[in-house]
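Structural overview
Residues per chain, in single letters:
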Amino acid sequence: WILRPGGDLLRDGTSVLPTGRNIHALDPYRMPSAGAWARGQRAAEEILRQHCEANNGAYPETTAVTLWGLDTIKTRGESIAIVLSLVGARPVKEGTGRTVRYDLVPLEELGRPRVDVLASLSGIFRDSFANVVDLLDDMFERAASAENEPDEMNFIKKHASELAADGVERPAARLFSNPPGDYGSMVNEVVSSGDWKESESLGETWKGRNVFSYGRNEGNEVRSGTARPVVLDKLLSTTERVVQEIDSVEYGLTDIQEYYANTGALKKAAENRKPLDSTTGQKKKVPLSIIEAFGGGSFEDSSARLPVRDVEDVLRLEYRSKLLNPKWRDTMIDQGSGGAYEISQRMTAIVGWAATADVDNFVFDEAAERYALDEETAKKLQKSNPEAFKNVVRRLLEAAGRGMWETDDETIEKLRDLYSDADDLVEQVSF
């Protein structure tokens, strides 16, 4: 048996041939792969193009990018490539093909400012790709001290200099995650319990759980994270865009609680630190760009734009095609208790997304009509999983109570009656 990595012929090239060897998922020392690097550059270019177009040609000073473990494994490091491209860096490989360094591209060649990046690491990424974390940390340190680069052309250096002037340690720290050995933002747990008041608190819950900086320059042998709240606060205050990659054609933003609990809450944490918009009287919104790892044409066609969509558009599409689609609903209901549970979880996620982004009113209108106010559907859900049906109605009432959903008093009264009946049924089942 030859111990060599496997992979996808399109993403990883001929190195995966011949097939039939004793393969493993990937070699973390070879990321990003050639395919991931090509797509990551195109994604970064499109992100910046859209931002400049919407902001009179101004580049974002800081962009927050989520780095997740499974996403990185599936795409061979596309999100890593996005980070490198935004900063203005490229991977350097040794003779064996392993990546040994991320070199800064000269500003003359880059032709634009270096964008600062807040890298939000999942616990799995942090633990599985320590080599990448070290290389990224080294890159940020060099970018923060790059000579002959003015602040207006190097936002990493600009922000690091401002932090250093205030006496902050490790002003170039950019890789943040959960406490050492711990996982998750806990935002989904808070939303599930309903034990929160203002949506701003969800952003602060995220910040409190992701305040630990990682990398080779943390100064300890075991690389356990160091809490650096001042640096994180600075990065959040300058974040003008958030980037999330979706790696699955089966599961999207509305299917998994972690998307709103991490990326949505990160967006809210950044918005918490923005000034009031004079036109709306509310905090300035921070756009969230969504990139689908499975879309965007061939790897070779570098001239084609990679689709980068606003989160509101993606949510709208997913809700219409899944949760609000009668065919999807009926298929879930036919699966019995498990299907009812999946419906219930997505109703909780609606509240999470409405708290951290924007969910159209029609989503709540049609969800109420299809799952609670439709007598036949309601009976099927109550029969297969009374607790799930109770949660469906509960989330609709919660959304109305929190001002996420505008509806009439008659609908609210119907939902309250349904909730009371569902509560009684759950009590009967319990006994």
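Here is what the cut-offs are and how they apply
Residues numbered from 1 in each chain as written. Predicted model: local features only at pLDDT ≥ 70, side-chain atom pairs only at ≥ 80, totals over all residues. Heavy atoms only, no water. Pairing = 2+ DSSP bridges. Helix = DSSP H or I, 4+ residues; strand = E, 2+ residues; numbered from the N terminus. Contact = heavy atoms within 4.5 Å. Axes fitted to C-alpha atoms, helices over the stretch in contact; angles between N-to-C directions. Parallel < 35°, antiparallel > 145°, perpendicular 65-115°, else oblique. Nonpolar A, V, L, I, M, F, W, Y, C, P; charged D, E, K, R; others polar. 1 Å grid on protein atoms, 1.4 Å probe; cavity = no way out; pocket = protein on both sides within 12 Å on 5 of 7 lines; lining within 4 Å. Points joined across faces, edges and corners; volume = space filled by probe spheres on them. Buried < 20%, exposed > 50% of the residue type's maximum accessible area, 1.4 Å probe, protein only. Polar contact = N/O pair within 3.5 Å; in protein donor to acceptor, adjacent residues only side chain to side chain. Patch = residues over 30% accessible without salt bridge, like charges linked within 9 Å, V, L, I, M, F, W, Y side chains within 5 Å. Areas by Shrake-Rupley, 256 points an atom, 1.4 Å probe, with all protein chains shown as cover. Salt bridge = Lys/Arg side-chain N within 4 Å of Asp/Glu carboxyl O. Lys, Arg positive; Asp, Glu negative; His and termini not counted. Charge placed at Lys NZ, Arg CZ, Asp CG, Glu CD. Core = buried A, V, L, I, M, F, W, Y, C linked by side-chain atoms within 4.5 Å. Phe/Tyr/Trp six-rings, centres within 6.5 Å; stacked < 30°, edge-to-face > 60°. Lys NZ or Arg CZ within 6 Å of the ring centre and 35° of its normal.

**Remarks on the sheet that holds strand 8 (residues 212–213)**
- Strand order in the open sheet formed by eight strands is 9-8-7-6-3-10-11-12, and the pairing between neighbours is mixed. Every interior strand has two partners, whereas the edge strands, strand 9 (226–227) and strand 12 (308–310), have only one.
- Docked against the sheet, helix 12 (residues 257–272) engages strand 3 (62–67), strand 6 (116–121), strand 10 (239–246) and strand 11 (288–292), running at close to 170° with respect to strand 10.

**Here's the deal with the packing of helix 4 (residues 78–87) against helix 7 (residues 130–144)**
- Interaxial distance between helix 4 and helix 7 falls to 12 Å at its minimum, and their mutual angle equals 5°. Judged on the interaxial angle alone, helix 7 and helix 4 are roughly parallel. Contacts between helix 4 and helix 7 involve Ile 80, Val 83, Leu 84 and Val 87 on the former and, on the latter, Val 132, Leu 136, Met 139 and Phe 140.
- Grouping the constituent residues of the contact of helix 4 with helix 7 by class yields eight nonpolar, no polar and no charged.

**Focus on empty space enclosed by the protein**
- Summed over all chains, the structure comprises one cavity of 30 Å³ or more.
- Taken as a whole, the largest cavity encloses approximately 40 Å³ of empty space.
- In terms of lining, the largest cavity is formed by Glu 312, Leu 315, Arg 316, Tyr 319, Asp 358, Val 359, Asp 360 and Val 363.
- With four residues, helix 13 (residues 311–321) is the single largest residue contributor to the lining of the largest cavity.
- In terms of residue class, the lining of the largest cavity is built from four nonpolar, no polar and four charged.

**Section: unusual backbone geometry**
- Along the chain, Met 31 connects to Pro 32 via a cis peptide bond; the corresponding omega equals 0°.
- Secondary-structure assignment places Pro 32 in the loop between strand 2 (23–24) and helix 2 (34–54).
- Positive phi values are uncommon outside glycine, yet Asn 56 reaches one of about 55°.
- For Asn 56, the position within the fold is in the loop between helix 2 and strand 3.
- A relative accessible area of 82% places Asn 56 in the exposed class.
- Non-glycine residue Arg 76 carries a positive phi angle of around 60°.
- Inspection of the secondary structure puts Arg 76 in the loop between helix 3 (69–75) and helix 4.
- On the accessibility criterion, Arg 76 (11% relative accessible area) is buried.

**A closer look at the side chain of Asp 255**
- Considering the arrangement of structural elements, one finds Asp 255 in the loop between strand 10 and helix 12.
- Excluding residues that lie within four positions of it along the chain, Asp 255 makes contacts with Glu 250, Glu 318, Lys 322 and Arg 346.

**What about helix 8 (residues 155–165)?**
- Three or more residues of helix 8 are buried, namely Phe 155, Ile 156, Lys 157, His 159, Ala 160 and Leu 163.
- In the core, the buried residues of helix 8 are packed alongside strand 3, helix 4, strand 6, helix 7 and helix 11 (229–238).
- Its side-chain oxygen 3.1 Å from the backbone nitrogen of Ile 156, Asn 154 forms the N-cap of helix 8.
- Gly 167 occupies a position one or two residues after helix 8 and carries a positive phi of about 80°.

**Let's talk about the pairing of strand 5 (residues 99–104)**
- With five bridges joining them, strand 4 (residues 89–93) and strand 5 adopt antiparallel strand pairing. Of the residues in strand 5, the one forming a bridge with Lys 93 is Thr 99.
- Between strand 4 and strand 5, which pair antiparallel and follow one another directly, the connecting turn spans five residues, one of which, Gly 97, has a positive phi of 95°.

**Examining a negative patch on the surface**
- A cluster of acidic residues, Asp 365, Glu 369, Asp 408 and Asp 409, forms a negative patch at the surface.
- Positionally, Asp 409 belongs in helix 19 (residues 409–430).
- Its relative accessible area of 66% is what places Asp 409 among the exposed residues.

**What to know about the nonpolar core**
- Counting residues in each nonpolar core, the largest one holds 115 residues, and the members touching the most others are Leu 136, Trp 353 and Leu 396.
- Among the elements that take part in this core, helix 15 (residues 337–356) stands out by supplying nine residues, more than any other.
- When sequence neighbours within four positions are dropped, the list of residues in contact with Leu 136 reads Leu 67, Val 83, Leu 84, Tyr 102 and Leu 175.

**Structural notes on the environment of Asp 137**
- Looking at the element boundaries, Asp 137 is found in helix 7.
- Since its relative accessible area comes to 0%, Asp 137 is described here as buried.
- For the pair Asp 137 and Thr 238, spaced 101 residues apart in the sequence, the C-alpha separation amounts to 19 Å.
- For Asp 137, the side chain forms a polar contact with the side chain of Arg 170, separated by 3.1 Å.

**A few points about the packing of aromatic side chains**
- What the rule picks out here adds up to three aromatic pairs.
- Both rings, one in Phe 364 and one in Trp 405, keep their centres 6.1 Å apart while their planes meet at 20°; by these two values the pair is stacked. In this pair, Phe 364 sits in helix 16 (residues 361–372) while Trp 405 sits in the loop between helix 18 (386–401) and helix 19, placing the two residues 41 residues apart along the sequence.
- Look at Phe 364 and you get buried, because its relative accessible area is 1%.
- Trp 405 gets classed as buried once you look at its relative accessible area, which sits at 4%.
- Here Arg 126 stacks its cationic end above the ring of Tyr 183, 5.1 Å away from the centre of that ring.
- In this structure, Arg 402 packs its charged tip against the face of Trp 196, placed 3.5 Å from the ring centre.

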